[in-house]
Amino acid sequence: MEYASISGTDIRASRVCIGTWAMGGWMWGGSDEMEAAAAIRAGLEKGVNFIDTAPVYGFGASEEIVGKAISGIAREKVFISTKAGIEWKDGRVFRNASRERILKEIDDSLRRLMTDYIDIYHVHWPDPLVPMEETARTMAELLSRGKIRAIGVSNFSVRQMDEFRKTAPIHACQPPYNLFERGTEKEVLPYCKQNGIAVLAYGSLCRGLLSGRMRPDTAFEGDDLRKIDPKFQQPLYGRYLKAVDELDRFARARYQKGVLELAIRWVLDQGADFALWGVRSPRQLDRVEGTMGWGLDAEAKKEIEEILKRNIPSPTGPEFMAPPRAPEAAAASKGENG
Ligand code: NAP
C-alpha cells in the first residue's frame, strides 16, 4: 500500500480510501450491514487504513457501520473522514452548513463512530444560504477544541475555497474526479497543489462504471442512483461501456491489469493524493493490491486520452448528485417545483 501525508497535520494515510456511501444503503438500493463491516475489515487487513463516511449516508447508518467495524482496532491505526452540512427531514435532504447544524452533527458523528475525534472533517457541500465566515469559524473552533484534526471541504469551487480560507485553514479538499468526470482538473486540482491542500478524489470508479462489471443489461434495485445517473441511460450508457471496454483492453495489453486498476491508478497519477473507492462487500477490495506499486507514463496517458476523446467527445458531469438548498427542498416537498 502507498501512503500520503496531509500537509499541516500529522496524518499519513493509505492512498486508497474506503468509500462508505453505498454501505448506508440510501441511494444504492440497500446494503447488508455484515458484508459492509467485513469490507472495512478486509481493507484494513490489506493496509487500507483510511475510511470516508458522512452522516447523510443512510442517515447515520454508514457512520454506525464504520464505528462498529473499527471498534476493536487501536484508534490511531485508522483515519476517519466524515462530513457535516447536509440535513434531512421528511425524506428530503438539503444543505445546512450553519454553526448550529455543524455543532449538532459533530456530536452525532462522534457518537455513531464511537470515537472522541474525527481525523478529517469536511463541509459536505457549500451552502449559499449561510455566510462562509460562519461555516469556516465553526470548523476552526472544532479544530482548536481537538474534536477534529484537519479541516476539509467538498464540492467547493476555487472562489469558495478562497473565501473560506480568509477565516480558517483548509487541509483537504474532496471533489469528484475520475476518468469520465474531469471538471476538477481545470481549477480545483491546480489550486490544491499550489496551496498544499490534499485532494481526496471521490467516485474514482464513476459509481462502478469503471469497475468493468457493468453490462448493457445490468439492472439496479430500489432507489439506486444509477437509475437516474445520465451516464447509465442509453444511448450514452452504450458509449461509456465501449470506452470502458477499450480502456480494459489497453490496460490488459500494456500492464496486465484491468480497467478497475487502471481507473484507480489514473486518479492517483493525475495528482490526487487519495482515491476514494466505494465498496460494500469484502470481495470488492480483492484487487486493491493491483492498484499499487506501478504508474502510468506520459505515453500511456496520451493513449488513454485518445480512447476517451474517440468514445465520449462530450462528457457529462456528476452534477445530478448535488443536493438542493433548503428552500428548494421545501418547495419540492410541496410539489412547487416538481
Ligand atoms: P465509486 O467509488 O466510483 O463506485 C462505487 C461502486 O462501484 C460500488 O458501490 C460498487 O457498486 C462498485 N464497485 C466497487 N468495487 C468494485 C469491484 N471490485 N468490482 C465491481 N464493482 C465494484 O463511487 P462512490 O461510492 O460514489 O464514491 C466513492 C466514495 O466517495 C463514496 O463511497 C463516498 O465515501 C465518497 N463520495 C463523496 C461525495 C461528496 O459529495 N463528498 C460524493 C460521492 C461519493 P455495486 O456495489 O453496486 O456493484
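The structure reproduced in this document is the subject of the present report. Not measured: the values here are computed from a predicted model. (Residues numbered from 1 in each chain as written. Predicted model: local features only at pLDDT ≥ 70, side-chain atom pairs only at ≥ 80, totals over all residues. Heavy atoms only, no water.)

## Examining unusual backbone geometry
So, step 1. In the segment running from Gln234 into Pro235, the intervening peptide bond is cis, with an omega of 5°.
So, step 2. Among the structural elements, Pro235 can be located in the loop between strand 11 (198–201) and helix 7 (236–255).
So, step 3. Its identity is not glycine, yet Phe59 carries a phi of approximately 50°, on the positive side.
So, step 4. As for its position among the elements, Phe59 is in the loop between strand 4 (50–52) and helix 2 (61–69).
So, step 5. What makes Phe59 partly exposed here is its relative accessible area of 33%.
So, step 6. The phi dihedral of Gln256 is positive, around 55°, even though this residue is not glycine.
So, step 7. Relative to the helices and strands, Gln256 is located in the loop between helix 7 and helix 8 (259–269). (Helix = DSSP H or I, 4+ residues; strand = E, 2+ residues; numbered from the N terminus. Buried < 20%, exposed > 50% of the residue type's maximum accessible area, 1.4 Å probe, protein only.)

## With respect to the side chain of Asp52
So, step 1. Take Asp52: it is sitting in strand 4.
So, step 2. In this structure Asp52 comes out as buried when scored by relative accessible area, which is 2%.
So, step 3. Here Gln174 takes part through its side chain, which lies 3.2 Å from a polar atom of the side chain of Asp52.
So, step 4. Beyond its immediate chain neighbours, meaning those up to four positions away, Asp52 contacts Cys17, Ile18, Gly19, Thr20, Tyr57, Ser81, Lys83, Gln174 and Leu276. (Polar contact = N/O pair within 3.5 Å; in protein donor to acceptor, adjacent residues only side chain to side chain. Contact = heavy atoms within 4.5 Å.)

This is a description of form; function is not addressed.
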